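Coordinates in review
If you want the building blocks of each chain, they are given just below.
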Amino acid sequence: MTDHSAATVAGITPAPRAKLEPDAIGAAQDTIIGMASSAPAATVGLTFAGLAVTSAYGGGPILLLTAIPMLIIANAYRRLNLWKANTGASFEWVGRAINPYLGFLTGFLMIAAYIIGTVAEVLILGPSVLAVFGSSSTNKGAYIGIGVAMGLIMLAVAVVGIKLTARVQVSMAAVEYVILVGLAIAGLVWVLSRHPGSVPITKGWFSINGIGGKGDAVSAFLAAVFVYGGWDGTLYVNEEVKHRRVNPGRAAILAVALLAIIYTLSQVGFQGVLSPAKLAAAAQNGTALVSVAEALGGGFWGKAMALAIALSVIATTGTGIVLGARIVYGMASYRVLPEFLGTVSRRYSTPVAASLIVGGLIIVLSAVYYLGTSVENAFNDVIAVTGFLFSIFYILTALAAMTYYRRRITGSPWDFVTVGLLPLGAALFLGWVFVLSFSRATWTQRWSLIGVVIAGLVLLIVARFVLRSAFFSIPRESEVRPHRRTGRHSE
């Protein structure tokens, strides 16, 4: 395929369409959307107990180390968004910088990751809502009813508009983060005070191999990738953010930094409050975080933590619908998906059809997971599969940034490090985690990932030969670098 500079390529532009609402939200709201997509309280509730066991209480350094490649990749997203700010993000970046077929698969994996990742969080909504009202029921019918009701509400909010979505996200985040961080600090004080039944802090807590070297660092790193996954949500609403080329990338970096602080503090603060036996028992039905809060402050704080988790799940359901719909909309605008998915409501300035499809899939899949497997197995499966998916398209995005900006790599020592060496290191790290984790995964998890990829390949064939999208004829692009002496662009 011929390589072209960005300046010399007219490019294949999206089909004419109604636009999303420009300048609708600011950088701070965009940052909250990215953090909400990662769902701090719900994600901590879903993973901290398992991460404590897997890492042998070495989860703190695992999370901090994972934040480093995430920050590097967030910077790659920032650079690429300066080039092209569009809701499809990595779909278009990978397609234009590396290969359009790979770009399509990247976009499909992004959609799958957001839908499955949201389902993972919805699985703990039922137990959390019931815990707010003092119930410990394990009735699957109640869980499904709660999930469906909340899904429909957040779908309605997503359809009405991005401004309403942002306001709802900020309101819920304020309550969620105060409860989560406050109780994490209380948990750390509890453990340092050596309360009976707590696990004392030892040097193993500061090692990626955990206490006595018994931790499984590879599995722990995969869980950490799942934990952080979602910060890139700041980029998928870029067409609706003020200063859309600059602010979404900055918001992504800020979101990762804040999440690193919250997740590390939460892991270290909560993992030692209960004995290993009690923690494992509570983890089986997704109530470990509530049990920790009850141990710290009784029933009231247990209900407060359940409220924080419920708000977190509701928030991530909303962002899952909004962000997934934007990616679908961005892809459909190039007719690699049915064209009706790229339409925008004149009344609400939102992609209503895409929102209904994504929201419906999240609601249905959540119910299917509940009915088809135990809650514990569902947790493990969706966490692993989502971690795999995020790893893949984060790697591809890092490589797209290196490919598009490759002329910079030899321009200066600074660019060699920031544009070449660091993104490559981050991609290799995630690749290492992916390969080793996949080799250890259960066949259910492997076949789930393989099934997602096969579905993507089938849709790719449909897009290429049935929809006949011109996206697959798109030429490769690279950044133009001006000559220092003449000021002319290099080709």
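Residues numbered from 1 in each chain as written. Predicted model: local features only at pLDDT ≥ 70, side-chain atom pairs only at ≥ 80, totals over all residues. Heavy atoms only, no water.

Section: the packing of aromatic side chains
Under the criterion given, the structure shown has 28 aromatic pairs. The interplanar angle of 70° and the centroid separation of 5.7 Å between the aromatic rings of F388 and F438 together place this pair among those described as edge-to-face. With a gap of 50 residues between them, F388 in helix α16 (residues 375-404) and F438 in helix α18 (residues 413-440) connect regions that are remote in the sequence. Chaining the aromatic ring pairs together yields one cluster made of Y77, W93, Y114, W231, Y236, F390, F393 and Y394. Positioned above the aromatic ring of F438, the side-chain terminus of R446 is 5.8 Å from the ring centre. In this structure, R464 is placed above the aromatic ring of F465, and the distance from its NZ or CZ to the ring centre is 5.0 Å. (Phe/Tyr/Trp six-rings, centres within 6.5 Å; stacked < 30°, edge-to-face > 60°. Helix = DSSP H or I, 4+ residues; strand = E, 2+ residues; numbered from the N terminus. Lys NZ or Arg CZ within 6 Å of the ring centre and 35° of its normal.)

Examining the packing of helix α4 (residues 90-97) against helix α5 (residues 100-122)
For the pair α4 and α5, the least separation of the axes is 7 Å and the interaxial angle reads 165°. Between α4 and α5, the crossing angle belongs to the class labelled roughly antiparallel. Relative to α5, α4 is oriented so that their crossing is right-handed. Touching S90, F91, V94 and G95 of α4 are P100, L102, G103, F104, T106, G107 and M110, all from α5. Of the residues contributing to the contact of α4 with α5, the split by class is six nonpolar, five polar and no charged. (Axes fitted to C-alpha atoms, helices over the stretch in contact; angles between N-to-C directions. Parallel < 35°, antiparallel > 145°, perpendicular 65-115°, else oblique. Left-handed = near helix turned anticlockwise from the far one by under 90°. Contact = heavy atoms within 4.5 Å. Nonpolar A, V, L, I, M, F, W, Y, C, P; charged D, E, K, R; others polar.)

Re unusual backbone geometry
Despite not being glycine, A39 shows a phi value in the positive range, around 55°. For A39, a relative accessible area of 0% gives the class buried. Located in the positive-phi region is A89, a residue other than glycine, with phi close to 45°. Note that A89 resides in the loop between α3 (59-83) and α4. (Buried < 20%, exposed > 50% of the residue type's maximum accessible area, 1.4 Å probe, protein only.)

Some details on the environment of S207
Secondary-structure assignment places S207 in the loop between α8 (162-192) and α9 (217-228). Taking relative accessible area as the criterion, S207 reaches 25% and is therefore assigned partly exposed. For the pair S207 and F270, spaced 63 residues apart in sequence, the C-alpha separation works out to 17 Å.

As for the side chain of E477
Tracing the backbone through its elements, the reader meets E477 in strand β2 (residues 476-478). Among the polar contacts listed, one links the side chain of E477 to the side chain of R96, at a separation of 2.5 Å. (Polar contact = N/O pair within 3.5 Å; in protein donor to acceptor, adjacent residues only side chain to side chain.)

So, empty space enclosed by the protein
Taken as a whole, this structure holds five cavities of 30 Å³ or more when the rule is applied. Space inside the largest cavity adds up to approximately 110 Å³. The wall of the largest cavity is formed by 17 residues, among which S37, G117, T118, G229 and F390 lie closest to the centre. Broken down by secondary-structure element, the contributors of at least two residues to the lining of the largest cavity are α1 (27-38), α5, α9, α14 (299-332) and α16. (1 Å grid on protein atoms, 1.4 Å probe; cavity = no way out; pocket = protein on both sides within 12 Å on 5 of 7 lines; lining within 4 Å. Points joined across faces, edges and corners; volume = space filled by probe spheres on them.)

Points about the environment of A166
In this structure, A166 sits in helix α8. Separated by 152 residues in sequence, A166 and G318 place their C-alpha atoms 9.8 Å apart.

A word on the layout of surface pockets
A water-sized probe rolled over the atoms picks out the places where empty space is left. When its volume is computed, the second largest pocket comes out at roughly 470 Å³. Along the walls of the second largest pocket sit 17 residues, with F108, A112, I115, L361 and L365 positioned nearest its centre. Of all the secondary structure elements, the ones that give two or more residues to the lining of the second largest pocket are α5, α15 (352-372) and α19 (443-465). Here the lining of the second largest pocket is built from residues that sort into 16 nonpolar, one polar and no charged.

Some points on the confidence of the model for the chain
Overall, the predicted model of the chain reaches an average pLDDT of 87, with 91% of residues at or above 70. Within the model, the stretch residues 483-491 combines pLDDT values under 50 with 17 contacts to residues more than four positions away or in other chains. (pLDDT = per-residue confidence, 0-100.)

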